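Given next are the chains, with one letter for each unit.
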Amino acid sequence: MNILVIRKSSLGDVVMTTPVLEFLKKTIPECKITYLVDSNYAPLLKGHEYIDNLIEIKWSKYEKKPIKLFGEIIKTIKKIRKQKFSLAFDFQGLFRSALFLYSCKSQKKYARGKWMFMTGTKPHKKKLAKHNVEQNYEITALAGLNKTQNHSQNIDNAVEAVDLSRISDTHIQSFDKIVLINPFTRWQTKNIPLKTLSEAANIIGSKIRCHFVVLGSKNEFTHARQVYENITRGKTLLCGKLNLNQLAGIIKQGELLITGDSGPMHMASALNTPLVAVFGPTHPVRTGPYEGIYEIIQSEENCSPCFSRNCKHAFVKCMANVKAEEIADRAIELLATQKPVYIG
């Protein structure tokens, strides 16, 4: 039996499909799973034990180049149509993903959202719905596949070992606790203020011997550097220096991650790295860590959660009002239970 799984993006959402992959394989051991994903996130899934065939589409790369994107879509549809599938699932439920579900040769098609000509659909749930992982299971249930137990997220295949001692900006002692700071998310409204992060790091560093690692993409370097420069303890700036597999390696190596609602947060959850996650416009019931060791700080603003990329206020109150002291206290509590990892 061939099964098609579609989840093109984003990073955290791709991570949250991995429990369903295990569920499908253990429910139908003979099945062969083909997974369609954006090439930006494909490194996360290459070599995954529950994926038999990975189809990559360069949607993000060509998103602002309509002619090239159209050619990429046609090429991808041709790849998909070379196979016949018994079941096909779209866990994204947007037009850009449903397009491929419509196009595939499958006896039965199931999707998140409201779509015509599907075998079964599950409408997007608003406000405080179930966790996204559970919503993915609801899609498979439309095909009569009902889970009887939970399955873990699994991205161990994506981990590339990184020797942090060789690339650190300042010396790392063997007893230092490695604290990762991820200042950025896909929505500006979900970002923790830069000053809050550096202040939290300095409070933590004044009480526990740590080495702080600031993460981010090359496009975020200028702002990441602001956090980095204001940290007064041992530190390393890795913004723009890691590919996705190396990021997984650093997260697995870390003893704590401080972040907003982001892809790296879900990676830490999957890799069992303790984390402090701050939520403002979104809510952990829906997109929080699915498993692992974590502390959640949820904004108490009346407008939170709004589930909006754009804030109606002059500034993002829900994130701006989160105190550095609260982040630090939660982090220190988690770090106190962790043994230091020997580096170098």
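Please refer to the structure placed before this passage.
Summary of the structure given here. Model, not experiment: these values are computed from the prediction.

Rules used throughout
- Residues numbered from 1 in each chain as written.
- Predicted model: local features only at pLDDT ≥ 70, side-chain atom pairs only at ≥ 80, totals over all residues.
- Heavy atoms only, no water.
- Helix = DSSP H or I, 4+ residues; strand = E, 2+ residues; numbered from the N terminus.
- Rg over C-alpha atoms; globule rule 2.2 N^0.38 Å.
- Buried < 20%, exposed > 50% of the residue type's maximum accessible area, 1.4 Å probe, protein only.
- Contact = heavy atoms within 4.5 Å.
- Areas by Shrake-Rupley, 256 points an atom, 1.4 Å probe, with all protein chains shown as cover.
- Lys, Arg positive; Asp, Glu negative; His and termini not counted.
- Charge placed at Lys NZ, Arg CZ, Asp CG, Glu CD.
- Pairing = 2+ DSSP bridges.
- Axes fitted to C-alpha atoms, helices over the stretch in contact; angles between N-to-C directions.
- Left-handed = near helix turned anticlockwise from the far one by under 90°.
- Nonpolar A, V, L, I, M, F, W, Y, C, P; charged D, E, K, R; others polar.
- 1 Å grid on protein atoms, 1.4 Å probe; cavity = no way out; pocket = protein on both sides within 12 Å on 5 of 7 lines; lining within 4 Å.
- Points joined across faces, edges and corners; volume = space filled by probe spheres on them.
- Core = buried A, V, L, I, M, F, W, Y, C linked by side-chain atoms within 4.5 Å.
- Parallel < 35°, antiparallel > 145°, perpendicular 65-115°, else oblique.
- Patch = residues over 30% accessible without salt bridge, like charges linked within 9 Å, V, L, I, M, F, W, Y side chains within 5 Å.
- Salt bridge = Lys/Arg side-chain N within 4 Å of Asp/Glu carboxyl O.

## A few points about the overall build of the protein chain
So, point 1. Scanning the protein chain for helices and strands turns up 14 helices and 12 strands.
So, point 2. Whereas a compact globule of 344 residues would reach a radius of gyration of roughly 20 Å, the protein chain reaches 21 Å, a difference of no more than 12%.
So, point 3. If one aligns the C-alpha atoms of the protein chain with their principal axes, the spans along those axes are about 60 × 45 × 45 Å.
So, point 4. For the protein chain, the residues scored as buried account for 55% of the 344 residues in total.
So, point 5. Counting contacts in the protein chain only where the partners sit at least 6 residues apart, residues at least 24 apart contribute 61% of the total.
So, point 6. Per element, the accessible surface of the protein chain, about 15700 Å² overall, is 49% carbon and sulfur.
So, point 7. Mean positive and mean negative side-chain charge positions of the protein chain (49 and 30 charges, respectively) differ by 9 Å.

## Thoughts on the sheet that holds strand β9 (residues 234-237)
Adjacent strands of a sheet form backbone hydrogen bonds with each other and so pair up, either parallel or antiparallel.
So, point 1. Strand order in this open sheet of six strands is β9-β8-β7-β10-β11-β12, and the pairing throughout is parallel. Among the strands making up the open sheet, the edge pair consists of β9 and β12 (294-298). On average, each strand axis in the sheet is inclined to that of its neighbour by 15°, with strand direction left out of account.
So, point 2. Across the sheet, helix α8 (residues 194-207) lies against β7 (177-182), β8 (210-214) and β10 (256-260), angled at about 165° from β8, the strand it touches most.
So, point 3. Each of β7, β8 and β9 is contacted by helix α9 (residues 221-229), which is oriented at about 175° to β9, the strand it contacts most.

## Remarks on the sheet that holds strand β1 (residues 2-6)
So, point 1. Across the sheet, six strands lie side by side as β3-β2-β1-β4-β5-β6; this open sheet has parallel pairing. Looking at which strands have only one partner, the edges of the open sheet turn out to be β3 (53-57) and β6 (120-122). When the angles between neighbouring strand axes are averaged without regard to direction, this sheet yields 20°.
So, point 2. With three bridges joining them, strand β5 (residues 105-112) and β6 adopt parallel strand pairing. Across the sheet, alanine 111 pairs through a bridge with threonine 121, a residue of β6.
So, point 3. Together, β1, β2 (32-38), β3 and β4 (84-90) form the strand contacts of helix α4 (residues 66-80), whose direction differs from that of β3 by roughly 165°.

## Remarks on helix α6 (residues 132-141)
So, point 1. Among the 10 residues in α6, eight count as buried, and that is most of the element.
So, point 2. Asn132, Val133, Gln135, Asn136, Tyr137, Glu138, Ile139 and Thr140 are the residues of α6 that are buried.
So, point 3. Looking at the buried positions of α6, the neighbouring elements they touch are α1 (11-15), α2 (18-27), β4, β5, β6 and α12 (284-287).

## Considerations on the packing of α2 against α6
So, point 1. Contact geometry for α2 and α6: axes closest at 9 Å, N-to-C directions at 35°. Between α2 and α6 the crossing geometry is right-handed. Across the interface between the two elements, Pro19, Val20, Phe23 and Leu24 of α2 pack against Val133, Asn136, Tyr137 and Thr140 of α6.
So, point 2. Within the contact of α2 with α6, the residues separate by chemical class into six nonpolar, two polar and no charged.

## What about the layout of surface pockets?
So, point 1. Estimates place the volume of the second largest pocket at around 330 Å³.
So, point 2. Together, 14 residues line the second largest pocket, and Gln188, Asn191, Ile192, Pro193 and Leu194 are the ones closest to its centre.
So, point 3. For the lining of the second largest pocket, the per-class residue count stands at nine nonpolar, four polar and one charged.

## Details of the nonpolar core
So, point 1. Within the largest apolar cluster, 54 residues are counted, with the highest numbers of intra-cluster contacts made by Ile3, Leu24, Leu44, Phe89 and Met267.
So, point 2. Considering each element in turn, this core owes the most residues, five residues, to helix α10 (residues 244-253).
So, point 3. Each residue touching isoleucine 3, except ones within four places of it in the same chain, is listed here: Leu24, Ile28, Cys31, Lys32, Ile33, Thr34, Phe85, Leu87 and Phe89.
So, point 4. Counting residues in each nonpolar core, the second largest holds 34 residues, with Ile181, Leu237, Cys239 and Ile327 among its members.

## Notes on α2
So, point 1. The buried count for α2 comes to eight of 10 residues, which makes it a mostly enclosed element.
So, point 2. Looking at α2, one finds that the buried residues are Thr18, Pro19, Val20, Leu21, Glu22, Phe23, Leu24 and Lys25.
So, point 3. If you follow the buried residues of α2, they end up packed against β1, α1, β2, β4 and α6.

## Side note on the packing of α4 against helix α5 (residues 95-103)
So, point 1. Packing of α4 against α5 brings their axes to within 9 Å, and their N-to-C directions diverge by 40°. By the criterion of interaxial angle, the relationship of α4 to α5 is oblique. Note on packing geometry: the crossing formed by α4 with α5 is right-handed. Every residue of α5 that contacts α4 at Ile73, Thr76, Ile77 and Ile80 is listed here: Leu99, Phe100 and Ser103.
So, point 2. Tallied by class, the residues present in the contact of α4 with α5 amount to five nonpolar, two polar and no charged.

## Brief notes about a positive patch on the surface
So, point 1. Among the surface-exposed residues, Lys58, Lys61, Lys65, Lys68, Lys79 and Lys82 lie close enough to one another that they form a single positively charged patch.
So, point 2. Mapped onto the elements of the fold, lysine 82 is located in the loop between α4 and β4.

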